[in-house]
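The chain contents come next:
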There are 2 protein chains.
Amino acid sequence: MSLYILSLLKTKMYRLILKNFSMHIVLDAAETELVVSRLQYKTVKKNTVLLDAGAIAKNIYFVKKGCLRIFNSDQEGLEHNILFCPENWWAVDIASFSGQTPAFYSIAALEDTEVLYFSYPTLEQLYIEIPKLERFFRILTQNGFYLYQLRVTSNLSKSAEERYALFQKQYPQLELRIAQKQIASYLGITPVFLSMIRKRKT
Amino acid sequence: MSLYILSLLKTKMYRLILKNFSMHIVLDAAETELVVSRLQYKTVKKNTVLLDAGAIAKNIYFVKKGCLRIFNSDQEGLEHNILFCPENWWAVDIASFSGQTPAFYSIAALEDTEVLYFSYPTLEQLYIEIPKLERFFRILTQNGFYLYQLRVTSNLSKSAEERYALFQKQYPQLELRIAQKQIASYLGITPVFLSMIRKRKT
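This one's a predicted model, so the numbers in the text were calculated from it and none came from an experiment.

Notes on the relation of the copies chain B and chain A
Copy one and copy two of the chain differ by a rotation about an axis and a translation along that axis.
No. 1: Note on the copies: chain B fits chain A at an RMSD of 0.0 Å, the axial shift is 0.0 Å, and the rotation between them is 180 degrees. Here the two chains are linked by the operation of a two-fold rotation axis. No C-alpha of chain B approaches the rotation axis more nearly than that of R138(B), which lies at 2.1 Å.
No. 2: When you check the interface residues of chain B against chain A, 100% turn up at the interface there too, and the contact is symmetric in its surfaces.

Have a look at this one:
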């Protein structure tokens, strides 16, 4: 394969994640090369579990294509979706990953999904080699905090209709791709009630 | 006042916060000088409100002496304590501070309290001048995430007795300093029930 084709493929492969980095930091050519060389890639089939609650989160995932969900299971075994992570989102149990402690959340694929990811030691090493990555992940963590806080508080203080409107705003078009029961589990309502809300809105 | 006395006072003034920074980063003399020169200091009386829910968090506070609490009020006006911040803790509504958006939480003093703090623009400027501060606040944010997640999930999955034991472990000796009703509001139980738990344990 010619270098030109290789370079084109690489551009396509890393375009989205490099654009994601560029939201908060500017990487020069050498830094970009280094970051890209450390990224791992895999495809996972729908329903594949990437992290099991109780295990230690080894990786931080960037969704290149498809959709992941972060969820926990209560004592009755019911699953509660905390976050959907479609293209351009990062997925991690940040407390588990950053402290290398057992995860509270699980992560699984809602569709056939392509991810790019860093392992924990790889990212710790990269922080040393490219300190400005600290900035990126500081901002990412802060934004994650914001989202998580919003989730916790909106479940306490907003009606199901309001939460559904927020979901639609946060994830445009996503409801066309994933199962109704997954959305209901995110909203904290039954699929039947979600169906009623949808009918009322149309 | 002699330079020697001034320097001694300064050492005492900033000893705790500099030790806190040194948990995660190494500041050289010039960086230490710069950080210290940007820190602001104030004392607040018991019950003073440092941040009102709905306002934008302007500052990130480090508790030098005393104790702050972070709390929210529900629609019935009941207050729920999210976190206590005694000496050596940082207090902020991180989502509000980092996004400069209206705060969900309030922050108030449980005792006469001394704080050191950075304003938002000051800290943003310091990130540029001393990039390794990004590391410190990345780790702080991650730890905050962990604590917050623990709070949310332990309220769902642990008994009041277990939550009380966690509180005692996380905040040794604090229960001798603050009102029973504040601890009850942290545990999500009534003061009467807390009193029963305490009696059972002794």
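Considering the interface of chain B and chain A
No. 1: In this assembly, 24 residues from chain B lie in contact with 24 residues from chain A.
No. 2: With both sides pooled, the region where chain B packs onto chain A buries about 2,500 Å², and carbon together with sulfur makes up 63% of that total.
No. 3: There are six salt bridges connecting chain B and chain A.
No. 4: Counting every contact that joins chain B to chain A gives four residue pairs in polar contact (both at pLDDT 80 or more).
No. 5: Among the secondary structure elements, those contributing two or more residues to the side of chain B that touches chain A are α3 (94-99), α4 (120-129) and α5 (132-157) of chain B.
No. 6: Counting residues per element, the side of chain B that touches chain A draws most heavily on α5(B), at 14 residues.

A few points about the sheet that holds strand β1 (residues 40-44) of chain A
All names here are of chain A.
No. 1: Strand order in the open sheet made by the four strands is β1-β8-β3-β6, with antiparallel pairing throughout. Only two strands of the sheet have a single partner each, and these edge strands are β1 and β6 (90-91).
No. 2: Two strands pair when backbone bridges link them, and strand β3 (residues 59-65) and β6 are joined in this way by two bridges, in the antiparallel orientation. Directly across from Y61, in β6, lies its bridge partner A91.

Some thoughts on helix α6 (residues 160-170) of chain A
No. 1: Here α6(A) has its buried residues at A160(A), R163(A), Y164(A) and F167(A). Take α6(A) and look down its axis: the buried residues cluster within an arc of 100 degrees, on one side only.

Side note on the sheet that holds strand β6 (residues 90-91) of chain B
All names here are of chain B.
No. 1: Read from one edge of the open sheet, four strands run β1-β8-β3-β6, paired in antiparallel fashion. Both edges of this open sheet fall to β1 (40-44) and β6, since each of them pairs with a single strand only.
No. 2: Its contacts with the sheet place α4 against β3 (59-65) and β8 (113-119), and it is angled at close to 60 degrees to β8.

Focus: the pattern of salt bridges
No. 1: Taken as a whole and assessed by the stated rule, the structure comprises 24 salt bridges over all chains.
No. 2: Here E87(A) and R177(A) are joined by a salt bridge, their closest N and O atoms 3.1 Å apart. Taken together, the residues E87(A) in the loop between β5 (79-86) and β6 and R177(A) in the loop between α6 and α7 (180-187) connect sequence positions 90 residues apart.
No. 3: Accessibility expressed as a relative area gives 29% for E87(A), which makes it partly exposed.
No. 4: The salt bridge partner of E134(B) is R138(A), with a shortest N-O separation of 2.5 Å. With E134(B) in helix α5 and R138(A) in helix α5 (residues 132-157), this residue pair bridges two chains.
No. 5: With relative accessibility at 3%, the residue E134(B) sits in the buried group.
No. 6: Taken together, the shared-partner salt bridges in this structure form one network comprising E124(A), E134(A), R135(B) and R138(B).

Topic: the domain arrangement of chain A
Residues and elements named next belong to chain A.
No. 1: According to the domain assignment, chain A consists of domain 1 (3-156) and domain 2 (158-202).
No. 2: Just the C-alpha atoms count here: the centres of domain 1 and domain 2 sit 24 Å apart.
No. 3: Taken together, the 19 residues of domain 1 in the interface contact 14 residues of domain 2.
No. 4: Of all residues in domain 1, N81, F84 and S154 give up the largest surface area on contact with domain 2, accounting jointly for 37% of the area buried on that side.
No. 5: Between E111 and R177 there is a salt bridge, with the nearest N and O atoms lying 2.8 Å from each other.

Section: unusual backbone geometry
No. 1: With a phi close to 80 degrees, N88(A) is a non-glycine residue in the positive phi region.
No. 2: Relative to the helices and strands, N88(A) is located in the loop between β5 and β6.

Focus on the pairing of β5(A)
Residue and element names in this part refer to chain A.
No. 1: By the criterion of burial, β5 is predominantly enclosed, with six of the eight residues buried.
No. 2: Bridging between strand β4 (residues 67-73) and β5 involves seven bridges; their strand directions are antiparallel. Counted as the bridge partner of N72 is H80 from β5.

Details of helix α4 (residues 120-129) of chain A
All names here are of chain A.
No. 1: Within α4, the full set of buried residues consists of T122, L123, L126 and Y127. Along the axis of α4, the buried residues cluster in a sector spanning 140 degrees; they form a single face. For α4, the exposed residues set more than 90 degrees away from the buried face come down to P121 and I128.

Here's the deal with the packing of aromatic side chains
No. 1: Under the counting rule described, the total for this entry stands at 43 aromatic pairs over all chains.
No. 2: Seen from their ring centres, F136(B) and F137(B) are 5.0 Å apart, and the 85 degrees between their planes marks the pair as edge-to-face. You'll find F136(B) and F137(B) in the same group, each marked buried.
No. 3: Across the ring face of Y117(A), the terminal group of K42(A) is positioned such that the distance to the ring centre comes to 5.3 Å.
No. 4: Looking at R138(B), its charged tip hangs above the ring of Y127(A), at a distance of 3.8 Å from the centre.

Rules of the game
Residues numbered from 1 in each chain as written. Chains lettered and ligands numbered in written order. Predicted model: local features only at pLDDT ≥ 70, side-chain atom pairs only at ≥ 80, totals over all residues. Heavy atoms only, no water. Least-squares fit on C-alpha atoms with pLDDT ≥ 70 in both. Contact = heavy atoms within 4.5 Å. Buried area = accessible area lost by both parts, 1.4 Å probe. Salt bridge = Lys/Arg side-chain N within 4 Å of Asp/Glu carboxyl O. Polar contact = N/O pair within 3.5 Å; in protein donor to acceptor, adjacent residues only side chain to side chain. Helix = DSSP H or I, 4+ residues; strand = E, 2+ residues; numbered from the N terminus. Pairing = 2+ DSSP bridges. Buried < 20%, exposed > 50% of the residue type's maximum accessible area, 1.4 Å probe, protein only. Arc of directions from axis to C-beta. Axes fitted to C-alpha atoms, helices over the stretch in contact; angles between N-to-C directions. Domains from an automatic or database assignment. Phe/Tyr/Trp six-rings, centres within 6.5 Å; stacked < 30°, edge-to-face > 60°. Lys NZ or Arg CZ within 6 Å of the ring centre and 35° of its normal.

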